[in-house]
Amino acid sequence: MSQNRLQLIIRNTEEIVTLDELRQKLESGEQLKGYIGFEPSGLFHIGWMIWAYKLRDLVNAGIKMNVLVATWHAWINDKLGGDLELIRKAGDLTIEILRALGVDMSKVNVIDAEEFAKDKDYWALVLKVAKGTSLARIKRALTIMGRKAEEAEIDASKLIYPAMQVADIFYQDLDIALGGTDQRKAHMLARDVAEKLGRKKVIAIHTPLLVGLQGGQRMEAGVDRDDYMSAIKMSKSKPENAIFVTDPPEVVESKLKQAYCPKGVVEDNPVLQINKYIIFHTENPRLVVERDPKYGGTVVFESYEDLERAFAEGKLHPLDLKAATSRKLNEILDPIRKSIERKSEYVELVRRIEKSVTR
RNA sequence: CCCGCCGUAGCUCAGCCCGGUAGAGCGCCCGGCUGUAGAUGGGGGGCGUGCAGUGACCGGGUGGUCCGGGGUUCAAGUCCCCGCGGCGGGACCA
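Predicted model only: the values in this text are computed from it and were never measured.

Here's the deal with unusual backbone geometry
- Omega for the peptide link from V17 to T18 comes to -10°, which places this bond in the cis form.
- Mapped onto the secondary structure, T18 falls in the loop between β1 (15-17) and α2 (19-28).
- The residue N12 is not glycine, and still its phi comes out positive at about 60°.
- Within the element layout of this structure, N12 appears in the loop between α1 (2-10) and β1.
- Even without a glycine there, the phi angle at D78 is positive, about 60°.
- Relative to the elements of secondary structure, D78 occurs in the loop between α4 (71-76) and α5 (84-100).

Observations regarding the domain arrangement of chain A
- Looking at chain A, the domain boundaries give domain 1 (3-207) and domain 2 (237-358).
- Listed as interface residues are 23 residues of domain 1 and, on the opposing side, 25 residues of domain 2.
- Of all residues in domain 1, L43, I46 and L93 bury the most surface against domain 2, accounting for 29% of the area lost on that side.
- For the interface between domain 1 and domain 2, the tally reads one salt bridge.
- A salt bridge links R56 to E283, with the shortest nitrogen-to-oxygen separation between them at 3.5 Å.

Describing the pattern of salt bridges
- Under the defined criterion, the tally for this structure stands at 27 salt bridges.
- Among the salt bridges present, the one from K158 reaches D155, with a minimum N-O distance of 2.5 Å.
- Linked by salt bridges that have partners in common, K25, D173, D175 and K200 make up one network.

A short note on the packing of helix α12 (residues 249-257) against helix α15 (residues 318-341)
- Closest axis-to-axis distance for the α12/α15 pair is 9 Å, and the angle between their directions is 145°. Note on packing geometry: the crossing formed by α12 with α15 is right-handed. Contact residues: α12 offers P249, V252, E253, L256 and K257, while α15 offers K322, T325, S326, L329, N330, L333 and R337.
- Tallied by class, the residues present in the contact of α12 with α15 amount to five nonpolar, three polar and four charged.

What counts, and where the lines are drawn
Residues numbered from 1 in each chain as written. Chains lettered and ligands numbered in written order. Predicted model: local features only at pLDDT ≥ 70, side-chain atom pairs only at ≥ 80, totals over all residues. Heavy atoms only, no water. Helix = DSSP H or I, 4+ residues; strand = E, 2+ residues; numbered from the N terminus. Domains from an automatic or database assignment. Contact = heavy atoms within 4.5 Å. Buried area = accessible area lost by both parts, 1.4 Å probe. Salt bridge = Lys/Arg side-chain N within 4 Å of Asp/Glu carboxyl O. Axes fitted to C-alpha atoms, helices over the stretch in contact; angles between N-to-C directions. Left-handed = near helix turned anticlockwise from the far one by under 90°. Nonpolar A, V, L, I, M, F, W, Y, C, P; charged D, E, K, R; others polar.

Right under this line is the structure:
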């Protein structure tokens, strides 16, 4: 039984830090607490489904999960034009989509980061964390440092961000922190500082990240304004880099059609990755490729490995792969779209967020 | 979590590679130096004492669980293993 729980927790993850600790905690039989934080920075893109499914797994494995709606954090990172009200709403929408994705939200504790910010003890923790590390270490944990951060204008609040992330974890007194591998730095900082402050050392569970549709860059919800401007300048027909769960079927189709997917190339191939991390992670992990008999006829892949091999060997044409992927992905997204469309306020909200991100 | 560097006197570090009596600089303490106080006829000087001051100065002195625990060896700061602590870097993608 506990073996099954462990399997449920670790399947489809990129890494567990550490597996031994997780195994021990599970065996201890105590009620474990975990969390995932997300920045309401735009629409829910399909890359987020990876951690959403993992959240579902953790809930089903009996872990008491908190979902932290990181409104302040998003605000610090200038998301959605720094409009805190809109950030809050985007958070609500995300929660709604998690529900639609099959996460049992009745068992999940949704927390607004603003609740933390109201408590002076929280800020005391932030300071203690800051005291327990070095400036160099904090800078290293800065996610935005990745890009052209050297020149980028960076206000001082962004230096506080990592300390807040660590304080978030301590404040909730967690056993498990869930996130994409981009959260690794923050989680590791939390583990290091935990030793110093005599706090619980969280187990970090990291899910893989999806590359953007153009390959290379990661699928990012809040498309950078400058990037976007230069993108539309260069070419009007250039597809956006991400597929959102709220995209209509034909948009999904057209985005995928234009996605980076050279024949036989596996590396950084977004279409393959969608199969690997989403389609083959569902309860129905198979891909049906319908083809004209003159191209070899319909094939069914029962495992991602088979699919990748066929593609690498050139036995599967990118167009066929894209078509099949669109069909399957739309099948998966359909119930989510429907549940959002049922409420006109959400439809309106999607439109607003869309505008705000890209403007 | 992974990798690397570091941990030796109060402080900054050398010594470790190549095993054989633990070092330097700074600091600290004592003195050298300057000033000053002090019942006696006046004046001068010396010494001792107290107090104060002073220097990239000169003497003299003070300095150590060599991070901890094992191991190898006749002998460990030095070599090997396991830890702890500090720092820096890495960690999907760029």
